[in-house]
Amino acid sequence: MASPMRSLLADPDRYLQSFRLFLERSTEHQCMREFVERQLPAVIASIGNGKSTINVLSVGGGSGEMDLEILSKIQARYPGVTINNDVVEPSADQISKYKEHVAQASNLENIKFTWHKETAYEYESRMNAEKKTKKWDFIHMIQMLYYVKDVPATIRYFHSLLESQAKLLIILVSGKSGWETLWKKYGSSFPLDDLCTFVSSAHLPRMLDAAGLKYQLYELPSHMDITSCFIEGDKDGELLLDFLTETLDFAKTAPPELKRQLIEELRKPGCSETRDGKVFFNNNLSVIVIEP
């Protein structure tokens, strides 16, 4: 009998709901902000040397919070320089949130925004069809490699668009995170529908070495409060389980034995730690900065 389990991405509204709850319950954005604050200035130190315009490409820019933080650091490093910021993002809802953030922000007068409602693959196909190879001074792909069909090919393509002083920055879950533990064990049981693949920083060095690319790796500690996942019938807990498994209504559609094993796994040290009666999932991230 076919499993009633469906990919969470089949329901964009529920996906966004679960994603927002994940951001609320995790230190995802805090740890990225810390990286942007402390380490990004050194990463971007030479991307705009001698340039009157800096071209930035955000692939999977989402609702733009992190993009604006990154842009403020580039502005601080190169005051008065014009920044062209192109955003590739398939979700209309996320693009409209991004535009709201831009409208509310101050100090963006030197930045020109262009949004492309498309996936990374659609962007690449369109550029190839138009025979365009626009070069960029800084490209970043934050938490988006899970949604591409061919990870090495995607990295190679965007790497090929780098100017000589440029950098390609990738953020994704760490190979030392609870995601790695959970997906290694149960990923084959989840209904991925070709829309999503699991990739972590454990997979990238091999790909980058094979392509002969130079890179630096940074680890960002992060956690997520998943205590509500262990409360039967808790609405937030069910949403977080959906997000952890990329499965629509996991709690209701997963075979009982899979659900039991997964809930048990989530409590184990490989996935989480318990502090003050709460369960914190290991949401560690990795940043990979690739040279031209």
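Residues numbered from 1 in each chain as written. Predicted model: local features only at pLDDT ≥ 70, side-chain atom pairs only at ≥ 80, totals over all residues. Heavy atoms only, no water.

## Thoughts on the sheet that holds strand β11 (residues 278-282)
- A sheet is described by the order of its strands in space; here three strands give the open sequence β8-β11-β10, paired in antiparallel fashion. Each end of this open sheet is capped by a strand with a single partner; those strands are β8 (223-225) and β10 (272-275). Between one strand and the next, the sheet's axes are offset by a mean angle of 30°, whatever the strand orientation.
- When β10 meets β11, the two strands line up antiparallel, connected through four bridges. Of the residues in β11, the one forming a bridge with S272 is F281. (Pairing = 2+ DSSP bridges. Helix = DSSP H or I, 4+ residues; strand = E, 2+ residues; numbered from the N terminus. Axes fitted to C-alpha atoms, helices over the stretch in contact; angles between N-to-C directions.)

## A look at the packing of helix α2 (residues 28-38) against helix α4 (residues 65-77)
- One can describe the packing of α2 onto α4 by two numbers: an axis separation of 10 Å at closest approach and a directional angle of 10°. On the basis of the axis angle, α2 is roughly parallel to α4. Crossing geometry of α2 relative to α4 is assigned as right-handed. For the pair α2 and α4, the contacting residues are H29, M32, R33, V36 and E37 in the first and E65, M66, E69, I70 and K73 in the second.
- Here the residues of the contact of α2 with α4 are counted per class, giving four nonpolar, one polar and five charged. (Parallel < 35°, antiparallel > 145°, perpendicular 65-115°, else oblique. Left-handed = near helix turned anticlockwise from the far one by under 90°. Contact = heavy atoms within 4.5 Å. Nonpolar A, V, L, I, M, F, W, Y, C, P; charged D, E, K, R; others polar.)

## Side note on the side chain of T253
- Residue placement: T253 occurs in helix α11 (residues 250-253).
- A relative accessible area of 18% means that T253 is categorised as buried.
- Here the side chain of T253 touches L248 through a polar contact of 3.4 Å, landing on its backbone oxygen.
- Residues in contact with T253, not counting those within four places in the same chain, are P4, M5, T247 and L248. (Buried < 20%, exposed > 50% of the residue type's maximum accessible area, 1.4 Å probe, protein only. Polar contact = N/O pair within 3.5 Å; in protein donor to acceptor, adjacent residues only side chain to side chain.)

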